[in-house]
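Structural overview
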Amino acid sequence: MQQATSNGTVVAAAAVTRRYGSGDAAVDALRGVTVNFPRGQFASVMGPSGSGKSTLLHILSGLDAPTSGSVTIDGVALQKLDDRALTLLRRKKVGFIFQSFNLLPMLSAEENVELPLTIAGEKADPEWIDEVMASVGLDDRRRHRPSELSGGQQQRVAIARALVSRPAVVFADEPTGNLDTRTGAEILDLLHRSVADLGQTVVMVTHDARAAAASDRVVFLQDGRVVQDKPGMQVGEVLDTIRSLE
Ligand code: ADP
């Protein structure tokens, strides 16, 4: 197994296990996952259905707790935090992008982007909002509601919303899953740019070999374990690896 380098780690999981249920009905979704994500890396997580991808994403982002093992974000051990501190840490350090965009329909594009700041009781800095809206190419769509935007534009709003609080890490769950190939490629470019321009760290779960190959590194899960972890993969190599795991 190849291990990518891990200088300046932003997210670290050490010997993480997650068991659902107990006794005969117990399911071991993660069986000892140790993985580090360095600052400024765009990483993908792949694996067959049921291999533990969603569970890992939930645990890395503090939405779920491991049965054993530990997770740190920006050097803070999540298991040591109470619920309130965990919520605050997530708000400050973690951005999310979902397959289904998850925008609020009654708010404009700009209001959706500002929402994480509004919830945190922070005043949006107009220049930063301008920069974020411009960087996702939505300058001329700021007052539109989600229903007035294409799928690709809605995902751009979701990306801007994830970036607005300058989080340590952005977790993306199948961000291109609802988009056609061309629009999906544009969204991947945008994620890449956030890594290159803002030094953002992105961890993306995907089934799409092309999306994974567009990232810097692919971590493969099988039966709750990391079975391969490799930088700079080509599409064909990703497809071959996935086939070998299914
Ligand atoms: P993936 O995202 O790779 O499809 P998941 O993390 O969703 O995998 O699931 C890993 C394993 O854990 C699967 O066997 C799944 O059935 C099981 N699992 C996931 N969530 C739950 C849950 N809430 N209760 C019981 N089993 C679960």
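So, here's what we can say about the structure. (Residues numbered from 1 in each chain as written. Predicted model: local features only at pLDDT ≥ 70, side-chain atom pairs only at ≥ 80, totals over all residues. Heavy atoms only, no water.)

Right, let's talk about the pairing of strand β1 (residues 9-20) for a bit. Successive residues of a regular strand alternate their side chains across the two faces of the sheet. For β1 and strand β2 (residues 27-38), the ladder comprises nine bridges, and the chain directions are antiparallel. The residue bridging V16 from the neighbouring strand is V33, located in β2. Connecting β1 to the antiparallel partner β2 that follows it, the hairpin turn spans six residues, and G21 within it adopts a positive phi of roughly 70°. (Pairing = 2+ DSSP bridges. Helix = DSSP H or I, 4+ residues; strand = E, 2+ residues; numbered from the N terminus.)

Let's shift gears to the site of the ligand. In the vicinity of the ligand, the contacting residues are Y20, V27, A29, P48, S49, G50, S51, G52, K53, S54 and T55. At 3.0 Å from an oxygen atom of the ligand is found a main-chain nitrogen or oxygen belonging to G52. Between the ligand and the protein, one listed contact pairs an oxygen atom with a side-chain N or O atom of K53 at 2.8 Å. It is helix α1 (residues 53-60) that contributes the most residues to the shell around the ligand, three residues altogether. (Near = heavy atom within 4 Å. Polar contact = N/O pair within 3.5 Å; in protein donor to acceptor, adjacent residues only side chain to side chain.)

With respect to the helices and strands, T201 occurs in strand β8 (residues 201-205). When its relative accessible area of 1% is taken as the criterion, T201 is described as buried. A distance of 3.0 Å separates the side chain of T201 from the backbone nitrogen of G40, its partner in a polar contact. (Buried < 20%, exposed > 50% of the residue type's maximum accessible area, 1.4 Å probe, protein only.)

Further remarks concern the packing of helix α3 (residues 109-119) against helix α5 (residues 151-163). Where α3 contacts α5, the axes come no closer than 7 Å and their chain directions differ by 30°. Here α3 lies roughly parallel to α5, going by the angle between them. The handedness of the crossing between α3 and α5 comes out as right-handed. When α3 is examined against α5, the residues A109, N112, V113 and P116 are found in contact with a partner set consisting of V157, A160 and R161. (Axes fitted to C-alpha atoms, helices over the stretch in contact; angles between N-to-C directions. Parallel < 35°, antiparallel > 145°, perpendicular 65-115°, else oblique. Left-handed = near helix turned anticlockwise from the far one by under 90°. Contact = heavy atoms within 4.5 Å.)

We now examine the packing of aromatic side chains. Evaluated as defined, the whole model comprises two aromatic pairs. With a centroid separation of 5.6 Å and 15° between ring planes, the pair formed by F96 and F98 is classed as stacked. For F98, a relative accessible area of 28% puts it in the partly exposed group. Centroid distance F96 to F171: 6.2 Å. Interplanar angle 35°. Geometry classified as tilted. Placement of the pair is F96 in strand β6 (residues 94-98) and F171 in strand β7 (residues 169-173), with a sequence separation of 75 residues. (Phe/Tyr/Trp six-rings, centres within 6.5 Å; stacked < 30°, edge-to-face > 60°.)

So, on to the side chain of S44. Relative to the helices and strands, S44 is located in strand β3 (residues 42-46). Within the structure, S44 has its side chain in polar contact with the side chain of S215 (distance 2.7 Å).

We now examine the sheet that holds β1. In spatial order, the strands read β2-β1-β4-β5; together these four strands make up an open sheet with antiparallel pairing. Of all strands in the sheet, those with a lone pairing partner are β2 and β5 (76-77), marking the two edges. Sheet topology places strand β4 (residues 68-73) next to β5; two bridges connect them, and they run antiparallel. Considered in β5, the bridge of I73 is made with V76.

Attention now moves to helix α6 (residues 181-198). Between its first and last C-alpha atoms α6 spans 25 Å; for 18 residues at 1.5 Å apiece the expected length is 26 Å, and the two agree. Buried within α6 we find T183, G184, I187, L188, L190, L191, S194 and V195. Seen end-on, α6 carries its buried residues on one side only, within an arc spanning 150°. When the buried face of α6 is taken as reference, the exposed residues oriented beyond 90 degrees from it are T181, R182, D189, A196 and D197. Contacts from the buried residues of α6 go to β3, β6, α4 (126-135), α5, β8 and α7 (209-213). (Expected span 1.5 Å × (residues − 1). Arc of directions from axis to C-beta.)

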